[in-house]
Amino acid sequence: MLVAHLKLHRVDELLEQKSPGFNVDVYLVNRFGEFVSSRRFGRDKFRRGVHSEGIANAIAGVDGVGVYDNYDGRRVIGAYRWLQSRELARLVGVPEIEAFAPARMTLLHGRLVGTLGVLVLALAVGSC
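Keep in mind the model is a prediction, meaning the values are calculated, not measured.

## Overview of the pairing of strand β3 (residues 75–83)
Here β3 shows a clear split, with Val76, Gly78, Tyr80 and Trp82 buried on one side and none of Arg75, Ile77, Ala79, Arg81 and Leu83 buried on the other. As defined by bridge partners, strand β2 (residues 64–69) adjoins β3 across 6 bridges and the pair is classed as antiparallel. Following the sheet pairing, glycine 64 is matched in β3 by tyrosine 80. Between β2 and β3, which pair antiparallel one after the other, the connecting turn spans 5 residues, and glycine 73 there sits at a positive phi close to 85°. Two elements, β3 and strand β4 (residues 88–95), share 8 bridges in a ladder whose sense is antiparallel. Along β4, the bridge assignment pairs leucine 83 with leucine 88. The loop that links β3 with its antiparallel partner β4 comprises 4 residues; one of these, glutamate 87, has a positive phi angle of about 55°.

Printed below as a string of structure tokens:
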């Protein structure tokens, strides 16, 4: 058995650094799927650990990225990694709706410009 002193408040400070532009959820879980964080540890809603495709893959030692439902049932684009030296999984997730928002806006602008261009061309051809 290995015993270590871990300052969970310091872990929280490191994990909760803000990312510009997106609502990023960064967290650590142990091999039992329990949060390693002073603010999340022992939450009533997750008494028996948290589970998701990303958490299961990370705990199994698989590193990767994907689109999946996170521990709270929200669709995220997530990245996960097993930190063997710490025996912890590190997960990062961005809500899918937020991650694809810039692409949706670009598509919308493209459609509007295209529609406007077709209307102007139709008016120009119609007036000749």
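## Quick word on the side chain of serine 52
Summarising the element assignment, serine 52 is placed in the loop between β1 (25–30) and α2 (53–59). A distance of 3.4 Å separates the side chain of serine 52 from the backbone nitrogen of glycine 54, its partner in a polar contact. Those residues in contact with serine 52 that sit more than four places away from it in its chain are Tyr68, Asp69, Asn70 and Tyr71.

## Focus: the pairing of β1
In terms of burial, β1 is largely enclosed, as 5 of its 6 residues are buried. With 6 bridges joining them, β1 and β4 adopt antiparallel strand pairing. When the bridges of β4 are listed, tyrosine 27 appears paired with leucine 91.

## Some thoughts on the nonpolar core
Core analysis: the biggest nonpolar cluster contains 13 residues, and Tyr27, Val29, Ile55 and Leu91 have the highest contact counts within it. Those elements giving two or more residues to this core turn out to be β1, α2, β3 and β4. The biggest single contributor to this core is β3, with 3 residues. Setting aside residues up to four positions removed in sequence, isoleucine 55 forms contacts with Tyr27, Val29, Val50, Tyr71 and Leu91.

Thresholds, definitions, all that
Residues numbered from 1 in each chain as written. Predicted model: local features only at pLDDT ≥ 70, side-chain atom pairs only at ≥ 80, totals over all residues. Heavy atoms only, no water. Buried < 20%, exposed > 50% of the residue type's maximum accessible area, 1.4 Å probe, protein only. Helix = DSSP H or I, 4+ residues; strand = E, 2+ residues; numbered from the N terminus. Pairing = 2+ DSSP bridges. Polar contact = N/O pair within 3.5 Å; in protein donor to acceptor, adjacent residues only side chain to side chain. Contact = heavy atoms within 4.5 Å. Core = buried A, V, L, I, M, F, W, Y, C linked by side-chain atoms within 4.5 Å.

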